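Given next are the chains, with one letter for each unit.
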Amino acid sequence: MSVKKKPLVVVTRKLPDSIETRMRELFDAQLNLDDTPLTQEQLADAVRTADILVPTVTDQINEDVLKQAESKLKLIANFGNGVDNIDVTAAHARGITVTNTPKVLTEDTADMTMALILAVPRRLIEGASILTEGKNWAGWSPTWMLGHRIGGKRLGIIGMGRIGQAVARRAHAFGLQIHYHNRRPVAPRIAEELGATYWESLDQMLARMDIISVNCPHTPATFHLLSARRLKLIRKDAYIVNTARGEVIDEETLTKLIEGGEIAGAGLDVFEHEPAVSPKLVRLARAGKVTLMPHMGSATIEGRVEMGEKVIINIRTFLDNHKPPDRVLPSML
């Protein structure tokens, strides 16, 4: 009796041990145990050999890579919520199904967003460094290290999807007034629950907010959505928080405006040219003008395990000749 050959699943980065173990049980899984990011040449080799590719947000699966794919590659099961690292249209044209891992990172990313909303106006990182970097602290003073209260301030959320709404719920509990810009208004019951004000015009909203939170995906339509022109609409005493994608903001202009005192500061968990971080932003962080985090918005054990479980479900469903639950089509982007 012949034994059915397991599909070759190439995993590009180190995943949680429990997920890798399960993949080894179910598939012929080729793992990346030392977690070294693959080069574009190595990705091209992977698509030539794999039946199924499991990339992450750090892997650029562009048209040049996909041209190298053999006909046996039928599924790209992305370990990530977004798919801006994959040319979905090119994959679809080659008959390759693409899936992602939505809905599992909502709460983790919203937690990080709220942490930055608190950290930037209250100067938390700047204050902590006084005690950890050997600086002289003379003790409490009535006028030293003063930040700004967030209760009662206006929060403008760009992108009112699952993560944007989760941020709004947290911020509402902290007493912030919720405003948002989205392609369309949220359901009336959600708007009523959050006391949320919808702005059809992003320009008009930006000019009136105390804190702006970027929570929209990166697509061709949202590249530099916060352009140089729009950034100049923001008030001098306002803050920007970004836990979405760095490419949504014109980072160079943002840096210049903060340097010049035209924007009060920013909390950034993502960067336009990741993993490179602008030296100017680092200098601003040292000066207490910005808070920088190394893309930690989804970095919880629970979240990463749930992402891996979704990847496995998508693969198994596909192999059973059914439509994977998290299939991504070009028309959805």
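Just above, that's the structure.
These remarks concern the structure in this document. (Residues numbered from 1 in each chain as written. Predicted model: local features only at pLDDT ≥ 70, side-chain atom pairs only at ≥ 80, totals over all residues. Heavy atoms only, no water.)

So, the pairing of strand β7 (residues 177-181)
- Summarising burial for β7: 4 of the 5 residues are buried, a large majority.
- Judged from the 5 bridges that link them, strand β6 (residues 154-158) and β7 form a sheet pairing that is parallel. If you follow Gly156 over to β7, its bridge partner there is His179.
- Across 2 bridges, β7 lies against strand β8 (residues 197-198) in parallel orientation. When the bridges of β8 are listed, His179 appears paired with Thr197. (Buried < 20%, exposed > 50% of the residue type's maximum accessible area, 1.4 Å probe, protein only. Helix = DSSP H or I, 4+ residues; strand = E, 2+ residues; numbered from the N terminus. Pairing = 2+ DSSP bridges.)

Some remarks on the pairing of strand β1 (residues 8-11)
- Of the two faces of β1, the one lined by Leu8 and Val10 and the one lined by Val9 and Val11 are each fully buried.
- Sheet analysis places β1 next to strand β2 (residues 28-30), joined by 3 bridges and oriented parallel. Across the sheet, the residue bridging to Leu8 is Asp28, located in β2.
- Sheet topology note: the β1/strand β3 (residues 52-54) ladder contains 3 bridges and is parallel. Across the sheet, the residue bridging to Val10 is Leu53, located in β3.

What about the nonpolar core?
- Grouped together as the largest cluster of nonpolar side chains are 28 residues, with contacts concentrated most on Ile158, Val214, Leu231, Ile234, Ile240 and Leu254.
- Going through the elements one at a time, α9 (202-206), β9 (211-214), α11 (251-259), β11 (265-268) and α12 (279-286) are the ones with two or more residues in this core.
- Among all residues touching Leu254, those that are not within four sequence positions of it are Leu231, Ile240, Ile249, Ile263, Ala266 and Leu268.
- Counting 23 residues, the second largest nonpolar core, distinct from the first, contains Ile117, Ile150, Ile157 and Ile190. (Core = buried A, V, L, I, M, F, W, Y, C linked by side-chain atoms within 4.5 Å. Contact = heavy atoms within 4.5 Å.)

Details of the packing of α11 against α12
- Orientation of α11 relative to α12, taken along the N-to-C sense of each, is 35 degrees, at an axis distance of 10 Å. Viewed along their axes, α11 and α12 form a crossing whose handedness is left-handed. Residues Glu251, Thr255, Ile258 and Glu259 of α11 touch α12, and the partners they reach there are Lys280, Leu281 and Leu284.
- Of the residues in the contact of α11 with α12, the class split is 3 nonpolar, 1 polar and 3 charged. (Axes fitted to C-alpha atoms, helices over the stretch in contact; angles between N-to-C directions. Left-handed = near helix turned anticlockwise from the far one by under 90°. Nonpolar A, V, L, I, M, F, W, Y, C, P; charged D, E, K, R; others polar.)

Here's the deal with the packing of helix α5 (residues 106-122) against helix α7 (residues 162-173)
- The N-to-C vectors of α5 and α7 enclose an angle of 50 degrees; their axes lie 9 Å apart at closest approach. Relative to α7, the element α5 lies oblique. By crossing handedness, the relation of α5 to α7 is classed as right-handed. Of the residues in α7, those in contact with Thr106, Glu107, Thr109, Ala110, Asp111, Thr113, Met114 and Ile117 of α5 are Arg162, Ile163, Ala166, Val167, Arg170 and Ala171.
- Its residues assigned to classes, the contact of α5 with α7 comprises 7 nonpolar, 3 polar and 4 charged. (Parallel < 35°, antiparallel > 145°, perpendicular 65-115°, else oblique.)

Some remarks on the pattern of salt bridges
- Scanning all chains against the criterion turns up 18 salt bridges.
- Where Lys236 meets Glu262, a salt bridge forms, and the shortest distance between an N and an O atom there is 4.0 Å. You can see Lys236 sitting in the loop between α10 (228-231) and β10 (239-242) and its partner Glu262 sitting in the loop between α11 and β11, a full 26 residues away along the chain.
- Salt bridges here are not isolated pairs; linked through shared partners, they connect Lys14, Asp17 and Glu20. (Salt bridge = Lys/Arg side-chain N within 4 Å of Asp/Glu carboxyl O.)

Some points on α5
- Look at α5: 24 Å from first C-alpha to last across 17 residues, which is about the 24 Å you get at 1.5 Å a residue.
- Of all 17 residues in α5, 12 are buried, a share of seventy percent or more.
- Along α5, the residues classified as buried are Thr106, Asp108, Thr109, Ala110, Met112, Thr113, Met114, Leu116, Ile117, Ala119, Val120 and Pro121.
- Positive backbone phi, approximately 60 degrees, marks Arg123, located one or two places after α5. (Expected span 1.5 Å × (residues − 1).)

Some points on the sheet that holds β1
- Strands sit in the order β2-β1-β3-β4-β5-β13 across an open sheet of 6 strands; the sheet is mixed. In this open sheet, the two strands that pair with only one neighbour each are β2 and β13 (327-328).
- One ladder, built from 2 bridges, connects strand β5 (residues 97-99) with β13; its direction is antiparallel. Within β13, the position partnered with Thr99 by the bridge is Arg327.

Quick notes on helix α1 (residues 17-26)
- Looking only at α1, the buried set comprises Ile19, Glu20, Met23 and Leu26. Looking straight down α1, one finds its buried side chains confined to an arc of 130 degrees; they lie on one side. Away from its buried face by more than 90 degrees, α1 exposes Asp17 and Arg24.
- Along its buried surface, α1 packs onto β1, β2, β3 and α13 (301-319). (Arc of directions from axis to C-beta.)

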